[in-house]
Amino acid sequence: MDPANPPGLQYTQAMARSIKIAPSLLAADFARLDREIARVEKYVEWLHLDVMDGHFVPNISFGIPVIESVRAVTDLYLDCHIMTTNPGAYLPELAKAGVDGVTVHIEAVPDPSETADRARRSGLDFGLVVNPGTPFDAIAPFVENCDVVVIMSVEPGFGGQDFKGEVLPKVEKAREWVENRGLAADIQIDGGIGPENAGAAGSAGANVLVAGSAVFGAEDPVLAVKEIRRAAERNE
Ligand code: DX5
Ligand code: ZN
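Please read all numbers here as calculations on a predicted model, not as lab measurements. (Residues numbered from 1 in each chain as written. Chains lettered and ligands numbered in written order. Predicted model: local features only at pLDDT ≥ 70, side-chain atom pairs only at ≥ 80, totals over all residues. Heavy atoms only, no water.)

### Details of the pairing of strand β4 (residues 101-105)
When you tally the buried positions in β4, you get five out of five residues, the bulk of the element. Here β4 shows a buried face lined by G101, T103 and H105 and a second buried face lined by V102 and V104. With four bridges joining them, strand β3 (residues 77-83) and β4 adopt parallel strand pairing. Bridging across to β4, I82 finds its partner in V104. Where the polypeptide runs from β3 across helix α4 (residues 91-97) and back to β4, its parallel neighbour, the crossover connection is right-handed. Pairing between β4 and strand β5 (residues 125-130): five bridges, direction parallel. Residue pairing across strands places T103 opposite G127, the latter belonging to β5. Taking the sense of rotation as the criterion, the β-α-β connection linking β4, helix α5 (residues 113-121) and β5 turns out right-handed. (Buried < 20%, exposed > 50% of the residue type's maximum accessible area, 1.4 Å probe, protein only. Helix = DSSP H or I, 4+ residues; strand = E, 2+ residues; numbered from the N terminus. Pairing = 2+ DSSP bridges. Right-handed = clockwise from strand over helix to strand, strands pointing away.)

### Focus: the site of ligand 1
Around ligand 1 lies a shell of 20 residues, among which G157, D190, G192, G212 and S213 are the nearest. Between an oxygen atom of ligand 1 and a side-chain N or O atom of S213, the distance comes to 2.3 Å. Across the complex, the protein chains shield 99% of the 380 Å² of accessible surface that ligand 1 would expose by itself. Listed by contribution, the elements that provide at least two residues to the shell around ligand 1 are β2 (46-52), β3 and β8 (208-211). No other element matches β2, which puts three residues into the shell around ligand 1. (Near = heavy atom within 4 Å. Polar contact = N/O pair within 3.5 Å; in protein donor to acceptor, adjacent residues only side chain to side chain. Areas by Shrake-Rupley, 256 points an atom, 1.4 Å probe, with all protein chains shown as cover.)

### Some details on the coordination of the zinc ion (ligand 2)
Protein coordination of the zinc ion (ligand 2) is provided by H48 (NE2), D50 (OD), H81 (ND1) and D190 (OD), with donor distances spanning 2.0 to 2.3 Å. Every donor counted, the six donor atoms about the zinc ion (ligand 2) form angles of 72 to 173° at the centre, which fits octahedral coordination. Mapping the donors of the zinc ion (ligand 2) onto the primary sequence gives the spacing H-x1-D-x30-H-x108-D. Taken together, the positions of H48 in strand β2 and D190 in strand β7 (residues 186-190) put the pair 142 residues apart, joining distant regions of the chain. Residues H48 and D190 agree in their burial class; the two are buried. (Donors = N, O, S within 2.8 Å, 3.2 Å for Na, K, Ca; no water. Tetrahedral: all angles 85-135°; square planar, octahedral: opposite > 155°, others 65-115°.)

### Concerning the side chain of E36
Its place among the elements puts E36 in helix α2 (residues 33-40). We classify E36 as buried; its relative accessible area is 8%. There is a polar contact of 3.1 Å between the side chain of E36 and the side chain of R39. In this structure E36 touches A28, D29 and F216, once residues within four positions along its chain are discounted. (Contact = heavy atoms within 4.5 Å.)

### As for the pattern of salt bridges
Pairing of side chains with opposite charge becomes possible as their charged atoms draw close. If you walk through the whole model with that rule in mind, you get eight salt bridges. The residue K20 makes a salt bridge to D186 at a minimum N-O spacing of 2.9 Å. With a gap of 166 residues between them, K20 in strand β1 (residues 20-23) and D186 in strand β7 connect regions that are remote in the sequence. Each member of the pair, K20 as well as D186, is classed as buried. Between D100 and R71 there is a salt bridge whose closest N-O contact spans 3.1 Å. On the criterion of sequence distance, the pair formed by D100 in the loop between α4 and β4 and R71 in helix α3 (residues 64-73) is long-range, its members being 29 residues apart. (Salt bridge = Lys/Arg side-chain N within 4 Å of Asp/Glu carboxyl O.)

### So, the side chain of K170
Tracing the backbone shows K170 in helix α6 (residues 168-180). Buried K170, no salt bridge; nearest opposite-charge side chain is E107, N-O distance 6.8 Å. A distance of 3.1 Å separates the side chain of K170 from the backbone oxygen of P132, its partner in a polar contact. (Lys, Arg positive; Asp, Glu negative; His and termini not counted.)

### Things to note about the sheet that holds β2
Either a parallel or an antiparallel arrangement is found when strands of a sheet pair, and the pairing is made through backbone hydrogen bonds. Across the sheet, which stays open at both edges, the eight strands sit in the order β1-β8-β7-β6-β5-β4-β3-β2 with parallel pairing between neighbours. With one partner strand each, in any of the chains shown, β1 and β2 form the two edges of the open sheet. Recorded for the sheet is a direction-independent mean angle of 25° between the axes of neighbouring strands. Here β7 pairs with β8 via three bridges, running parallel. Within β8, the residue paired with D190 across the bridge is V210. Along the sheet, α6 contacts β5, β6 (148-152) and β7; its crossing angle with β7, the most-contacted strand, is approximately 165°. (Axes fitted to C-alpha atoms, helices over the stretch in contact; angles between N-to-C directions.)

Below you can see the structure in the form of structure tokens.
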């Protein structure tokens with residue numbers, strides 16, 4: 001046993017990690033966003049906003065005007081997952097619309113340093129996202145400049161897909177990377193998350209859990225949030 005790093009201590013650190021639940025509005029009723037948000041608002045830390053351009057991913061979701069309307073009805077942290085070909089292009093506008101943090105795909109911006117700088121200059125938190133097929137190594141050199149690292153557990157573009165458990169080793173790698181370097185980045189997992197796999201995601205090291213259909217598709221979204229949180233906290 002390494003006396004400087006006993007297993008008991010690691011366990012305590014994992015337990016102390018604060019879990020954030022980030023419902024994805026993509027699965028909400030777009031005609032009633034204010035009500036959908038109000039239902040879960042008191043029980044979650046972040047709201048996840050999936051912006052898609054029909055080019056980087058084969059789907060179109062929503063953009064700036066909708067985000068402005070969302071900002072007007074909630075004080076929650078707005079986490080904007082940008083799935084567009086040129087994610088740097090609208091950062092000032094997204095900031096103005098009220099977004100708190102943006103995440104961009106390494107597949108869209110292979111050298112994201114300039115995009116990260118642009119985000120910071122606009123007052124935004126910044127993070128990088130990797131698709132299921134992209135190795136962690138693709139973002140490793142940039143992680144020290146990230147507030148959040150996002151591991152996709154489905155192919156981006158659509159809600160309601162099945163969780164890909166094969167990405168969990170990548171979550172472990174990301175967690176190990178930030179802990180070993182004393183970085184404060186959150187590790188987010190996005191896609192197919194629900195009470196049945198939140199425990200595995202949490203024990204692999206994810207502390208921000210995005211859930212769309214499992215929350216807004218549930219009869220009782222608050223119960224779903226509580227179940228996801230309990231599973232992630234207890235690693236079960
Ligand atoms: C997929 C999006 C996800 C999606 C998650 O491109 O990035 O955020 O909304 O939805 P569920 O939880 O239904 O997989
Ligand atoms: Zn997303």
